[in-house]
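# Residue-level structure breakdown
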Amino acid sequence: MRLNTTHWRAVRRYFLVFTAIALLPLALVYLVRNEQIYRIKGYEASKFNDHFGDQSFRYPVMLLGKNKDLTVAATGSSRKKFYKYAKYVNESHVPVLPEESVHTLSPIDVERVEKRMERRRKLLQDKCTEFGLDVVGNDTWHKPNAWEFLVNKKYHIIWCNVFKAASSSWMFNFNVLAGYSPEFLQRTKEVFLNLARERYPRVSIEQLREAQNDSITFMIARDPFERLLSAYRDKMVFAIPHSYHDKLGRRIVRKYRRKNMDMNSPKYPTFSEFVRWLLDQTRHSNSQIDMHFVSSTMFCTPCVINFDVIMKFDTLDEDQLYLINKTGLSRVIAPEWRNAGKGKNTQELLQSFYSKLTPKEMNGLYQYYKYDFELFNYSATSYFNMVQENGT
């Protein structure tokens, strides 16, 4: 039986609809795959100078984009250039803050904070000598690491970006100094690290030392166990679905969760499971610790790289004002504390997580973060007491 023209049109219409529905998932997979390949190949591996041709990533490197994060242990390099965000930059016009928005310290406060900084530098120097960390070597504790520094030559300020230590706040400031307008930064969905790394290419240790001759170098220290808990909650408990850390968390659960665990246990790793995984990473010399969990001492190597200002998370309000005044940037950037609500761990919150660890796990954590405690004058006594109070 012959189909008339109307029937043929109906058959063709249904065929086209069916084909579109069938191919839609494949198209989505293709787009997602290309997006991830772009992030891996085009971002962090795009800004190296020639002398980085044979250098591999020292830590698992964060490759970010569009409210998602993808952290990979990437190796190799590429000289391919991407200037994705150049249209948002105006280097010739950095906005000046209105007079009423400028915050300063009184001369007496400046003198007091300066003495605080002197004590911190002196303690750092003494502890570095005590532990032999001021002797340059080839291991990750003794080899100068310029990989994570952001060098702003225009304003003569250099920062080692310790993640989970007010890093969001100062990434905002460094992007302002790079020429991005505050208005753009407030509304954009781009990740600040993406924006920053396009304006601040990675430097060699020789380039860093040369830039330090006329610049102020700073870092922000934080109680190591506070920082670790903040990173765990951010990257494991509240991991973005299908992100690198979400998948890592699932792998941790499969390997470290006991068979007899309650069926109501969370899909993400418990803090004890996460700690057992982390301690296993620290025991293997070839393991690269994720940048959110790595020791600050290993990350910034402050015993073999000079720091002029050591801010601390617990005195950040005053320390920020001191640094901004010292660099002469009080009319350009303001003290920032982004994500303040998420960043501060109460004593009750610390107790609820660390009290679940065994003495062996607590001691293992302390041994890895020992230099962070010692160099920056933090104490782990209260954490060990939490374990003891729990009767473990």
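Reference entry: report on the structure contained in this document.

The rules behind each value
- Residue indices begin from 1 for each chain and proceed along its sequence in written order.
- In view of the model being predicted, local features appear only for residues whose pLDDT reaches at least 70, and side-chain atom pairs are presented and counted only at 80 or more, with totals across whole chains, interfaces and linings using the full set of residues.
- Only hydrogens and water are removed before side-chain values are computed, so all heavy atoms of the structure are retained for them.
- Comment: elements are numbered from the N terminus, with helices defined as DSSP H or I runs of at least four residues and strands as E runs of at least two.
- Here the term buried applies to any residue with accessible area under 20% of the maximum for its type, exposed to any over 50%, and partly exposed to those in between, with areas from a 1.4 Å probe on protein chains only.
- Note on contacts: a residue pair qualifies if any of its non-hydrogen atoms lie within 4.5 Å across the two residues.
- The protein chains shown are the only cover counted for residues, whose accessible areas, like all others here, come from Shrake-Rupley with a 1.4 Å probe.
- Here a pair means two rings of Phe, Tyr or Trp (six-membered ring of Trp) with centres within 6.5 Å. Their orientation is stacked below 30 degrees between planes, edge-to-face above 60, and tilted elsewhere.
- A ring has a charge above it when a Lys NZ or an Arg CZ is no more than 6 Å from the ring centre and no more than 35 degrees off the ring normal.
- One requirement defines pairing of two strands: DSSP has to find at least two bridges between them.

### Observations concerning the overall build of the protein chain
- Looking only at helices and strands, one finds 15 helices and six strands in the protein chain.
- Here the protein chain, with 392 residues, has 49% of them falling under the buried criterion.
- Within the protein chain, residue pairs in contact and separated by at least 24 positions form 75% of the contacts whose partners lie at least 6 positions apart.
- Total accessible area computed for the protein chain in this model is approximately 20700 Å², and 53% of it derives from carbon and sulfur atoms.

### Side note on the packing of aromatic side chains
- This structure, assessed with the given rule, holds 30 aromatic pairs.
- Where tryptophan 277 meets phenylalanine 293, the ring centres are 6.1 Å apart and the plane angle is 85 degrees; that geometry is what we call edge-to-face. You can see tryptophan 277 sitting in helix H9 (residues 271-283) and its partner phenylalanine 293 sitting in the loop between H9 and helix H10 (296-300), a full 16 residues away along the chain. Comparing tryptophan 277 with phenylalanine 293, the two get one shared label, buried.
- Arginine 222 extends its terminal NZ or CZ atom over the ring of phenylalanine 313, reaching a point 3.9 Å from the ring centre.

### Concerning the pairing of strand S5 (residues 216-221)
- Along S5, six of the six residues are buried, which leaves the element largely enclosed by surrounding structure.
- Along S5, one buried face is formed by Ile216, Phe218 and Ile220 and the opposite face, lined by Thr217, Met219 and Ala221, is buried too.
- As defined by bridge partners, strand S4 (residues 157-160) adjoins S5 across four bridges and the pair is classed as parallel. What sits directly across from isoleucine 158, in S5, is threonine 217.
- Two elements, S5 and strand S6 (residues 309-312), share four bridges in a ladder whose sense is parallel. Bridge pairing in S6 links isoleucine 220 to methionine 311.

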